[in-house]
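Residue-level listing of the chains:
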Amino acid sequence: MNEQYHGIYAALVTPYTGDGKVNYDELQKLVCHLIDQGLDGFYVNGSTAEAFLLSSEEREKILEAVTEANAGRRKVICHVGTISTDEAIRYTRHAEKAGADAVSAISPFYYKFSTREIIRYYNDIMGSTALPMFVYNFPNFSGFSLTPEVLEELAKNTNLAGVKFTSSDLFLLEQIKTAHPEMAVWNGFDEMLASGLTAGADGGIGSTYNCMPWLARKVFDAFVAGDLTQVQDKQRQMNQVIKVICAHGVFASVKEILEMEGFHLNGVRRPFTPMDEAGRKELRQVYEQYILPNR
Ligand code: MN9
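Definitions and cut-offs
Residues numbered from 1 in each chain as written. Predicted model: local features only at pLDDT ≥ 70, side-chain atom pairs only at ≥ 80, totals over all residues. Heavy atoms only, no water. Phe/Tyr/Trp six-rings, centres within 6.5 Å; stacked < 30°, edge-to-face > 60°. Helix = DSSP H or I, 4+ residues; strand = E, 2+ residues; numbered from the N terminus. Buried < 20%, exposed > 50% of the residue type's maximum accessible area, 1.4 Å probe, protein only. Expected span 1.5 Å × (residues − 1). Arc of directions from axis to C-beta. Contact = heavy atoms within 4.5 Å. Patch = residues over 30% accessible without salt bridge, like charges linked within 9 Å, V, L, I, M, F, W, Y side chains within 5 Å. Areas by Shrake-Rupley, 256 points an atom, 1.4 Å probe, with all protein chains shown as cover. Salt bridge = Lys/Arg side-chain N within 4 Å of Asp/Glu carboxyl O. Pairing = 2+ DSSP bridges. Axes fitted to C-alpha atoms, helices over the stretch in contact; angles between N-to-C directions. Parallel < 35°, antiparallel > 145°, perpendicular 65-115°, else oblique. Left-handed = near helix turned anticlockwise from the far one by under 90°. Nonpolar A, V, L, I, M, F, W, Y, C, P; charged D, E, K, R; others polar.

### Some points on the packing of aromatic side chains
Going through the model one piece at a time under the given rule, you end up with 12 aromatic pairs. An angle of 50° between the planes, with centres 4.4 Å apart, marks the rings of Tyr 9 and Trp 186 as tilted. Here Tyr 9 is found in strand β1 (residues 7-11), whereas its partner Trp 186 is found in strand β7 (residues 184-187), with 177 residues between them in sequence. The buried category is assigned to Trp 186, whose relative accessible area is 0%.

Quick look at the structure:
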């Protein structure tokens, strides 16, 4: 397991005010809460933060709010990915100034960029900073699937720290970790945390850890302790919640559960749909059945 980068990181959600602005105070409250509940770090401005629905000013202020609240207590990885290299570099330089420990980037999307262009994008980002960088591999959303060859190419740059691996190709995850034991590989699908750890992941970065840090903590700690029965049992309970979360929109659902915990997030940005009554009811049920008993 990677010494510096391991454990359970929350891909932070973005709280809003009643009139749809980012609620930085509530975000700072969430950061402090998750530290108190035992999380190991944060992934800022990722998919879960609705990053591509945020302005660049909001993305920067969100990172500043997180590093301020965190005050060096946990690791902070800032997602700087976007479709434009110049913009990604601006976010990277800002992340360095704002005190992030590392950056991470999704591959450029929408246009069918060639592998060469994608490699160049990552090298340009890594060339603009002294911070370690994690490639964000999320083929379902980005349309680009990381290959061992591309990773070899990127690994020539010593700023490459590893991969955030949001894919169910756990054979590839295992191959990456075997080829590069020095890198940190993050499991990205929370419903596969136990499987990802078994395949060699150093930890998990996920959206559902915002609202059930306890269950993720138990899966990870049981894995480290070698208690397979407990790993499976806690993952099964987590997945009963994730099934409902996925059925009603991941980000709106995670936020709805956080409302049950006393946070005020004011839903998701359009075009994401707000939570409806049926979803609220089902989420309440799994919250009471699986999350509360594991607090
Ligand atoms: O960062 C997250 N992916 C997205 C990883 O937000 C798109 C995961 O945590 C998933 O939300 C989760 C549910 O499928 O595994």
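### Structural notes on helix α4 (residues 115-127)
The end-to-end C-alpha distance of α4, which contains 13 residues, comes to 18 Å, matching closely the 18 Å that a straight helix rising 1.5 Å per residue would cover. Taken together, the buried positions of α4 are occupied by Ile 118, Ile 119, Tyr 121, Tyr 122, Ile 125 and Met 126. Looking straight down α4, one finds that the buried residues subtend no more than 155° of arc, so they occupy a single side. Exposed residues on α4 whose side chains face more than 90 degrees from its buried face are Arg 116, Arg 120 and Gly 127. Taken together, the buried residues of α4 touch α3 (85-98), β4 (102-106), β5 (133-137), α6 (148-154) and β6 (160-165).

### Brief notes about a nonpolar patch on the surface
Taken together, the side chains of Ile 83, Tyr 110 and Tyr 111 make up a nonpolar region of the molecular surface, amounting to roughly 390 Å² of accessible area. The residue Ile 83 is located in the loop between β3 (75-79) and α3 in this model.

### Digging into the environment of Gly 81
Within the secondary structure, Gly 81 is located in the loop between β3 and α3. Judged by relative accessible area, which is 0%, Gly 81 ranks as buried. In this structure the C-alpha to C-alpha distance between Gly 81 and Gly 38, which are 43 residues apart in sequence, comes to 27 Å. Among residues more than four places away in sequence, those in contact with Gly 81 are Phe 52, Arg 59, Ser 104, Ala 105, Ile 106 and Tyr 121.

### Here we look at the pairing of β3
Summarising burial for β3: 4 of the 5 residues are buried, a large majority. Relative to β3, strand β2 (residues 41-44) is paired through 4 bridges, and the arrangement is parallel. Residue pairing in the sheet places Phe 42 in a bridge with Val 76 of β3. In this sheet, β4 lies alongside β3 in parallel orientation, the contact comprising 3 bridges. If you follow Cys 78 over to β4, its bridge partner there is Val 103.

### A few points about the packing of α3 against α4
The geometry of α3 relative to α4 is characterised by a closest axis approach of 9 Å and an angle of 30° between their N-to-C directions. The angle between α3 and α4 places the two elements in the roughly parallel class. The handedness of the crossing between α3 and α4 comes out as right-handed. Contacts between α3 and α4 pair Thr 85, Ala 88, Ile 89 and Thr 92 from the former with Tyr 121, Asp 124 and Ile 125 from the latter. Taken together, the residues that form the contact of α3 with α4 break down as 4 nonpolar, 2 polar and 1 charged.

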